[in-house]
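As a plain string of letters, each chain reads:
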Amino acid sequence: MAVIPEIRLSDGVKAMPAVGMGTADVPFAPASTKPAILHAMELGYRHFDTASLYETEQILGEAIIEALSIGLIASRSELFITTKLWCDQAHPNLVVPALRESLRNLQLDYIDLYLIHMPLSSTPGTRRLLINRDDALPLDIKSVWKAMEDCQKLGLTNLIGVSNFSPHMIDKLLVTAEVSPSVNQVEMHPAWQQVKLREYCKEKGIHVTAYSPLGGYNGPLFKNQLMESEVLNGIAKARGKTFAQMGARTRCQLGCEELQQREVKRESSNF
Ligand SMILES: NC(=O)c1ccc[n+]([C@@H]2O[C@H](COP(=O)([O-])OP(=O)(O)OC[C@H]3O[C@@H](n4cnc5c(N)ncnc54)[C@H](OP(=O)(O)O)[C@@H]3O)[C@@H](O)[C@H]2O)c1
């Protein structure tokens, strides 16, 4: 079974495995999701990322119950579970109910990390990926973050954080925050390394997690040009690795300091 390095987040009760499995797909929640989660657990994955938007909270919850019953894991505490608040519930009075709904879907008492999915709000009840212009609303970050802090105080989540946030939005949040975000989850891969954002987050003690480390969804709607890159495929071939192994190993992967340092050494000696 693979040994995955762990990251101790600033205020975390337990460490976060540096590599996690995402459960988003297009279209959402195909039948292969549950077997894929169970297979990932067999391989050693303990960190799973879902969101109310992805419609995979319930599937992940069922997979956890099955994993416990067949002995793939001994207890829920071995897992690091992240879920996210979608824009239609990014209103101060809807945040705690949204997390309670996610916990019901997951059949869990608590999650490890709760993220604001986007720095945007939308009309309540409009939970869809592509938000209509008429439904898009500015995010009241101060009061929504306060409600995120309430989720933590209530013990519904160990940690709170953000996703797709710029330094500007984090600065706005920090003006009144009692608790700083533990994580900012953003798109990050060899073609979009988020250098400035990572510098900013490092200064603020916020861990940067990469999503779409292979360049994102590779389907008919969104063409993945990263995986077709001759340069990147050439590097992978020269190193005897698949593109996916290389994408997961580059500095983009979850921004883990330890991995980054090892890569810097490797890059200077091999690349
Ligand atoms: N916070 C956010 O806003 C946000 C946004 C997007 C994603 N995420 C999270 O990040 C996770 C991963 O992101 P992602 O699925 O967009 O991108 P990704 O991990 O970069 O994967 C992109 C595509 O790579 C292909 N792929 C995966 N493993 C491969 C392998 N071993 N060999 C060859 N191709 C492989 C798949 O293509 P095929 O479909 O053709 O198999 C997949 O659709 C999501 O599941 C979600 O949890 C978060």
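What counts and how
- Residues numbered from 1 in each chain as written.
- Predicted model: local features only at pLDDT ≥ 70, side-chain atom pairs only at ≥ 80, totals over all residues.
- Heavy atoms only, no water.
- Buried < 20%, exposed > 50% of the residue type's maximum accessible area, 1.4 Å probe, protein only.
- Helix = DSSP H or I, 4+ residues; strand = E, 2+ residues; numbered from the N terminus.
- Pairing = 2+ DSSP bridges.
- Right-handed = clockwise from strand over helix to strand, strands pointing away.
- Expected span 1.5 Å × (residues − 1).
- Contact = heavy atoms within 4.5 Å.
- Arc of directions from axis to C-beta.
- Axes fitted to C-alpha atoms, helices over the stretch in contact; angles between N-to-C directions.
- Parallel < 35°, antiparallel > 145°, perpendicular 65-115°, else oblique.
- Left-handed = near helix turned anticlockwise from the far one by under 90°.
- Nonpolar A, V, L, I, M, F, W, Y, C, P; charged D, E, K, R; others polar.
- Phe/Tyr/Trp six-rings, centres within 6.5 Å; stacked < 30°, edge-to-face > 60°.
- Lys NZ or Arg CZ within 6 Å of the ring centre and 35° of its normal.
- UniProt positions renumbered as here; feature names shortened; annotations may be inferred.

K.L.:
How should I be thinking about the pairing of strand β11 (residues 207–211) in this particular structure?
P.N.:
Regular strands place their side chains on alternate faces of the sheet. In terms of burial, β11 is largely enclosed, as 4 of its 5 residues are buried. Pairing between strand β10 (residues 183–187) and β11: 5 bridges, direction parallel. Bridge pairing in β11 links E187 to Y211. In terms of handedness, the path from β10 via helix α6 (residues 195–204) over to β11 forms a crossover that is right-handed.

K.L.:
Would you take a moment to explain helix α4 (residues 141–153) for this structure?
P.N.:
Because the α-helix completes a turn every 3.6 residues, residues three or four places apart line up on one side. Compared with an ideal rise of 1.5 Å per residue, which puts 13 residues at 18 Å, α4 spans 18 Å between its outermost C-alpha atoms and is within 8% of the ideal. Among the structural elements, β5 (80–85), α3 (95–106), β6 (111–116), β9 (157–163) and α5 (167–174) are those in contact with the buried residues of α4. Positive phi shows up at G155, right after α4, with a value of about 80 degrees.

K.L.:
In this structure, what is going on with α6? I would like to understand it.
P.N.:
All of the buried residues in α6 are L197, R198, Y200 and C201. Burial along α6 is one-sided: seen end-on, the buried residues are contained in an arc of 160 degrees. Away from the buried face of α6 by more than 90 degrees, exposed residues K196, E199, K202 and E203 are located. A positive backbone phi angle near 75 degrees is found at G205, which sits one or two residues after α6.

K.L.:
Would you take a moment to explain the packing of α3 against α4 for this structure?
P.N.:
When two helices pack together, their arrangement is given by the angle between their axes and by how far apart the axes lie. Contact geometry for α3 and α4: axes closest at 8 Å, N-to-C directions at 45 degrees. Looking at the two axes, α3 sits oblique to α4. The handedness of the crossing between α3 and α4 comes out as right-handed. Across from V95, V96 and L99 in α3, the residues of α4 making contact are V144, A147, M148, D150 and C151. Its residues placed into classes, the contact of α3 with α4 shows 7 nonpolar, no polar and 1 charged.

K.L.:
Explain the packing of aromatic side chains here, please?
P.N.:
The relative placement of two aromatic rings is captured by the distance of their centres and the angle of their planes. Inspection of every chain in the model, using the stated rule, returns 1 aromatic pair. Relative to Y54, the ring of F28 has its centre 6.5 Å away and its plane inclined at 40 degrees; by these criteria the two rings are tilted. Pair noted here: F28 is in the loop between β3 (21–22) and α1 (33–43) and Y54 is in the loop between β4 (47–49) and α2 (57–69), with a separation of 26 residues, a long-range link. A relative accessible area of 27% places F28 in the partly exposed class. One Lys or Arg, R76, reaches over the ring of Y110 and ends 4.0 Å from the middle of that ring.

K.L.:
Could you clarify how one ought to interpret the UniProt feature "active site" (unreviewed entry) in the protein in this entry?
P.N.:
Per the UniProt record, "active site" (unreviewed entry) is found at Y54. Among residues more than four places away in sequence, those in contact with Y54 are T23, A24, F28, A29, D49, K84 and H117.

K.L.:
What should I look at first to understand the sheet that holds β11 in this one?
P.N.:
Sheet strands associate in pairs through backbone hydrogen bonding, adopting either a parallel or an antiparallel arrangement. With parallel pairing, 7 strands are arranged side by side in an open sheet as β3-β4-β5-β6-β9-β10-β11. The two strands at the open ends of the sheet, each matched to only one other strand, are β3 and β11. The pairing of β4 with β5 spans 3 bridges and is classified as parallel. Within the sheet, the bridge partner assigned to F48 lies in β5 and is I81. Strands in contact with α4 are β5, β6 and β9; relative to β9, the strand with the most contacts, it is inclined by about 155 degrees.

K.L.:
Which parts of the structure should I look at to understand the environment of E6?
P.N.:
Residue placement: E6 occurs in strand β1 (residues 6–7). For the pair E6 and P17, spaced 11 residues apart in sequence, the C-alpha to C-alpha distance is 4.2 Å. For E6, the contacting residues outside a window of four places in its chain are A15, M16, P17 and A18.

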